[in-house]
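Results of the structural survey
Spelled out, the chains give:
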Amino acid sequence: ALKLTVFRISVIPFFIILLYYDNFIAKISALILFVLGMLSDAYDGYFARKRNETTTLGAFLDPLADKLLISSALISFVGLEELNIPAWTVIVIISREFVITGLRAVAATKNVIISADRYGKFKTTSQSAAVISILLVLVTRSYVMEYAKEPVTWLHPITPIPFLLMFLITILTLYSGARYISKYKHLLK
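**Notes on the layout of surface pockets**
The computed volume of the largest pocket comes to approximately 1800 Å³. Along the walls of the largest pocket sit 47 residues, with Ala59, Asp62, Pro63, Leu64 and Asp66 positioned nearest its centre. Those elements that provide at least two residues to the lining of the largest pocket are helix H1 (2-10), helix H3 (24-50), helix H4 (56-78), helix H5 (87-109) and helix H6 (118-147). The element contributing the most residues to the lining of the largest pocket is H4, with twelve residues. Here the lining of the largest pocket is composed, by residue class, of 21 nonpolar, 14 polar and twelve charged.

Okay, here's the thing in structure tokens:
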């Protein structure tokens, strides 16, 4: 199971490089790498539970790998002009991760384990779905720009989709973080 986590971390540089190449094959390859990374997360958890191979290192690396893969996608999106993703959305999302990681560290000093609740899991799932959807917009745009024989007007309505998705996951991320802080604020006293 640890090999799948290491795989998820190791695809990140290749994903980022492919994302910045402005051609269809690179964009679809980036999408495939991201999907494989997220699928490896699902299989990783499944195999660890089935084989009872949960380790301290795995418990540390698994959520870290998720955060690294999703964060690298979101940060990269800000740098792609065709997406027009506002940096503040990514800053809010990543800041929430730092705050909750800090809260977990404080909790650990008091022998309290803060597990992911359903809102935290929904946050991660919605972020993954949003990244995949934005990658699909990039793939579609890249395909049309590369292979269309004449001007394409139907592409314009999909351009606000990345912004709307980012706004939505920013709200969900804030809500999830606020729930953790509210539930565990007593640990900060």
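**Overview of the packing of aromatic side chains**
In the structure shown here, the tally under the stated rule is seven aromatic pairs. Aromatic side chains Trp88 and Phe167 sit 6.5 Å apart centroid to centroid with 75° between the ring planes, which places their arrangement in the edge-to-face category. Of this pair, Trp88 sits in helix H5 while Phe167 sits in helix H7 (residues 161-184); the two residues are 79 residues apart in sequence, bridging distant segments of the chain. Overall, Phe167 belongs to the partly exposed group, its relative accessible area being 39%.

**Focus: the side chain of Lys123**
By secondary structure assignment, the location of Lys123 is in helix H6. By relative accessible area, Lys123 is classed as buried at 3%. Among the polar contacts listed, one links the side chain of Lys123 to the side chain of Glu97, at a separation of 2.8 Å. If near-sequence neighbours (up to four positions away) are discounted, Lys123 is found in contact with Arg96, Glu97, Thr173 and Ser176.

**As for helix H2 (residues 12-20)**
Among the residues making up H2, those that are buried are Ile12, Phe15 and Leu19. End-on, the buried residues of H2 take up no more than an arc of 60°, which puts them together on one face.

**Quick notes on the nonpolar core**
Proteins that are soluble and globular tend to have nonpolar side chains buried together. Judged by nonpolar contacts, the single largest core of 30 residues is most densely connected at Phe15, Leu19, Phe34, Leu74, Phe77, Leu135 and Met166. Beyond its immediate chain neighbours, meaning those up to four positions away, Phe15 contacts Ala30, Leu33, Phe34, Ala73 and Leu135. Membership of the second largest hydrophobic core comes to seven residues, among which are Leu103, Ala107, Tyr184 and Leu187.

**Re the pattern of salt bridges**
Scanning the entire structure with this criterion turns up six salt bridges. Taking the shortest distance from any N to any O, the salt bridge between Arg8 and Asp62 comes out at 2.5 Å. Taken as a pair, Arg8 in helix H1 and Asp62 in helix H4 lie far apart in primary sequence, 54 residues in all. The class for Arg8 is buried, based on a relative accessible area of 0%. Across the pair Glu97 and Lys123 runs a salt bridge whose closest N-O atoms are separated by 2.8 Å. One end of the pair, Glu97, is in helix H5; the other, Lys123, is in helix H6, and 26 residues separate them in sequence. Residues participating in the shared-partner salt-bridge network are Lys67, Arg96, Glu97 and Lys123.

**Considerations on a nonpolar patch on the surface**
A surface patch of nonpolar side chains, amounting to about 510 Å² of accessible area, comprises Leu2, Val6, Leu57, Phe60, Leu64 and Leu68. Broken down by secondary-structure element, the contributors of at least two residues to the nonpolar patch are H1 and H4. In terms of residue count, the dominant contributor to the nonpolar patch is H4 (four residues). Relative to the helices and strands, Leu68 resides in helix H4.

Calculation notes
- Residues numbered from 1 in each chain as written.
- Predicted model: local features only at pLDDT ≥ 70, side-chain atom pairs only at ≥ 80, totals over all residues.
- Heavy atoms only, no water.
- 1 Å grid on protein atoms, 1.4 Å probe; cavity = no way out; pocket = protein on both sides within 12 Å on 5 of 7 lines; lining within 4 Å.
- Points joined across faces, edges and corners; volume = space filled by probe spheres on them.
- Helix = DSSP H or I, 4+ residues; strand = E, 2+ residues; numbered from the N terminus.
- Nonpolar A, V, L, I, M, F, W, Y, C, P; charged D, E, K, R; others polar.
- Phe/Tyr/Trp six-rings, centres within 6.5 Å; stacked < 30°, edge-to-face > 60°.
- Buried < 20%, exposed > 50% of the residue type's maximum accessible area, 1.4 Å probe, protein only.
- Polar contact = N/O pair within 3.5 Å; in protein donor to acceptor, adjacent residues only side chain to side chain.
- Contact = heavy atoms within 4.5 Å.
- Arc of directions from axis to C-beta.
- Core = buried A, V, L, I, M, F, W, Y, C linked by side-chain atoms within 4.5 Å.
- Salt bridge = Lys/Arg side-chain N within 4 Å of Asp/Glu carboxyl O.
- Patch = residues over 30% accessible without salt bridge, like charges linked within 9 Å, V, L, I, M, F, W, Y side chains within 5 Å.
- Areas by Shrake-Rupley, 256 points an atom, 1.4 Å probe, with all protein chains shown as cover.

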